[in-house]
Amino acid sequence: MKIISTEISSAIYEDRTTTTTTSTMLNCHACWRQNLAALISTHVPRRTAYASAVRVREQRFNGRNSALYRDPHKLANAVKKQLMQGDDNKALQMAREGSRTLNSVVSWNHIIGHNIERGHLRVAFKAFNDMKKMSIFPDTYTFTIMLNALAEHANRPSAHERALQLYSSMSNPNSPVEPQIVHTNAVLKVCARCRDIDSIWTIVSKLPLSGLNAPNAITYTTLLNGIHGANEVEDGRRVWAGILSRWGTGKLWVDEQLVCAMGRVLLSSAKPEHRKEVFKVIEQVFGIENPISEKEEVNPEDQLYVGGTTKPITEIKELLQTSGEGDPNTPIPYVPLPLRGQTTRDSPTSGSNSPATRPMPGNSVLGLAIQACAKLENKDLGRHYWKTLTAAPYSVRPDTENYHELLRLLRESRSGPEALDVLHAMLSHRNTTPTPKSFFIAMSCCKREGRGPGFPTANKMLTLMSENNVRIDVKIVTSFLQCAVKTGIPAYWKSALKTAEDIFDLSGELDKLVRKKADGEVIERHVELGKWMQGIIHRLLESTEVSWGHGERVVFERKKGKLVRLIEKFGWLAGGAEGVGKKWKAKIMDGNIE
């Protein structure tokens, strides 16, 4: 009897222990899945275990988030809200919880895109891998944002390799997402920025000739950008012939960015004939007459723009051929200049890729034409394109960068007074207020003018800066002193020194830079200004043509001594700028300033 009571007590104790353990495991929401198998095999019958698991699951979804983990759209909105509030950890936790019962790919896309916008590329890739581990397959948009992020951060060490791996995984037969042209354009952009021209040709050669995944204007633009980085001008010219052929048959729309990409390829060449072809490209697409085409003789051997090419194109034959039409090794047909027709600033509708519907030139084309004129040092040609594009029917409104290109053209032609007129024109428009960069380029026009009216014009530019509250930096003051030295007139040297001292406190600026622990290059530019001022004073003191007033020479000698001490004090902070003082003095004495 005693033995029986002992067995009953032991059974009761084991039952209580099992019940307590079961209750503890079921109340833990984080590990109920892991303990389910143990409950089934050791503690309670199978039916009771499944019933308990269902009750726990219902308890988790019966709270205030009951609808959140049942609707993927509501979950995505909640995750996005948490990301906007800055709670990244909670957003990630919600996405993981939802991934157990829902296809929460949109929520994961929000997390990946949020980290990419903040520049956290490594965190974005970690979320991408976590999503795949939870059996959430990425969709088209996921690959798009990942490849675009790699294109924007192509300078990262692993960006190029990761982009090719992602694109290759999409091309696998087992991939749930097939690569589209938007993905191809993104991976081509990565390769172009990394100057991997071989991978570009490999990817482009596998594109279909028709359909939604056929190469479009963005594809050709990226291809030409890659060619520009590789300095393969002849390949770019052959690609352009294929572009004209497809445009002539209505299979491709040529836009402004594509034209500018081809223009950059041509401008990268050192041959003047290639640079002049920029105007041919502008004429072919926009119908703007090339004023120098009639004056030049056409080379009969160069048939790219004349009568087709006789060379087989092995690199891009897949792009240039059309499905079911002839041999890709046949010469490219001559594409005549399109007739003048309707112009549009937007992409045409379907079926209207005809050359009769032209794109409208914008600021990029204006800048391209002025750059080509600057390369050719042809100011009159630049003036022609500026007037043509800014007048009707094109009516391009020049932006700040267009004016900068015009100033660079005037710098090549050493036209200081015209540069001052450009600054006044910029001030007359609300959206083109001159910046310190604008005045620096204009000042360089005066510097290259030499003994002409360069210094008086530079003086007027400084006055214009003061009147319009434009910040005068050290580079502008240095360029102003160089304009005075180029004239060779001592009176201008004195005037320039006085103006520089009035508008710029060199000693005070150097003290501020040291307190802020500025970069050595910034300090070196200020030390350079001190060297120019010291050199000009030294040249004045040694010149016999300078007339001094009462006590004026002593004042200049004291200024020279202060500048010498200033250079010795801050020259070492500038990374050894003191060591090149003799070279700067020789430059000032000889007047060799470029």
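Each remark here, short or long, concerns the structure printed above.
Read on for an overview of the structure. As the structure is a computational prediction, the values presented were derived from the model and not from experiment.

With that settled, consider the environment of Pro-436. Within the secondary structure, Pro-436 is located in helix H21 (residues 436-449). Separated by 39 residues in the primary sequence, Pro-436 and Lys-475 place their C-alpha atoms 9.2 Å from one another. Residue contacts for Pro-436: discarding those within four places in its chain leaves Val-470, Arg-471, Asp-473 and Ile-476.

So, on to the side chain of Thr-219. Summarising the element assignment, Thr-219 is placed in helix H12 (residues 217-230). With relative accessibility at 2%, the residue Thr-219 sits in the buried group. Once residues within four sequence positions are removed from consideration, Thr-219 is found in contact with Ile-181, Asn-185, Leu-188 and Leu-207.

As a further point, take the nonpolar core. Of all hydrophobic cores here, the largest spans 145 residues; its most connected members are Ile-112, Leu-224, Trp-240, Ile-243 and Met-461. Counting residues per element, this core draws most heavily on helix H26 (residues 520-542), which supplies 9 residues. Ignoring anything within four residues of it in the chain, the contact list for Ile-243 reads Tyr-220, Leu-224, Leu-252, Val-254 and Leu-258.

Here helix H4 (residues 72-84) contains 13 residues, and its C-alpha end-to-end distance of 18 Å stays within 8% of the 18 Å for a straight helix at 1.5 Å per residue. Taken together, the buried positions of H4 are occupied by Leu-75, Ala-76, Ala-78, Val-79, Gln-82 and Leu-83. Down the axis of H4, the smallest arc covering the buried residues is 165°, so these residues share one side. Projecting away from the buried face of H4 at angles above 90 degrees are the exposed residues His-73, Asn-77, Lys-81 and Met-84. In the core, the buried residues of H4 are packed alongside helix H5 (88-99) and helix H6 (105-117).

Before going further, it helps to examine the packing of H26 against helix H27 (residues 552-571). Axis separation between H26 and H27 bottoms out at 9 Å; the angle between their running directions is 150°. The angle between H26 and H27 places the two elements in the roughly antiparallel class. The hand of the H26/H27 crossing is left-handed. Residues Ile-523, Val-527, Gly-530, Lys-531, Met-533, Gln-534, Ile-537, His-538, Leu-540 and Leu-541 of H26 touch H27, and the partners they reach there are Arg-553, Phe-556, Glu-557, Lys-559, Lys-560, Leu-563, Val-564, Ile-567, Phe-570 and Gly-571. Considering only residue class, the contact of H26 with H27 consists of 11 nonpolar, 4 polar and 5 charged.

About the thresholds
Residue positions within a chain follow its written sequence, with the count starting from 1. This being a predicted model, a pLDDT of at least 70 is required before a residue's local features are given, and a value of 80 or more before pairs of side-chain atoms are given or counted; all residues contribute to the totals for chains, interfaces and linings. Note: side-chain values were computed over all heavy atoms of the structure, leaving out hydrogens and water. The helix and strand labels rest on DSSP assignments: H or I over at least four residues marks a helix, E over at least two residues marks a strand, and numbering proceeds from the N terminus. Throughout, a residue-residue contact means that at least one pair of heavy atoms, one from each residue, lies within 4.5 Å. In this scheme, a residue with accessible area under 20% of its type's maximum is buried, one over 50% is exposed, and one in between is partly exposed, where area comes from a 1.4 Å probe on protein chains only. Here, nonpolar core refers to any group of buried Ala, Val, Leu, Ile, Met, Phe, Trp, Tyr and Cys residues whose side-chain atoms link them within 4.5 Å. Multiplying one less than the number of residues by 1.5 Å gives the expected span of a helix. Think of it as the arc spanned by the lines of direction from the helix axis to the C-beta atoms. Working convention: axes come from line fits to C-alpha atoms, limited for helices to the stretch in contact. Angles between N-to-C directions cover 0 to 180 degrees. Any angle from 65 to 115 degrees is called roughly perpendicular, while one under 35 is roughly parallel, one over 145 is roughly antiparallel, and all others are oblique. Each crossing gets its hand from how the near helix is turned against the far one by less than a right angle, where anticlockwise is left-handed and clockwise is right-handed. Amino acids outside the nonpolar list (Ala, Val, Leu, Ile, Met, Phe, Trp, Tyr, Cys, Pro) and the charged list (Asp, Glu, Lys, Arg) are all regarded as polar, and Gly is one of them.

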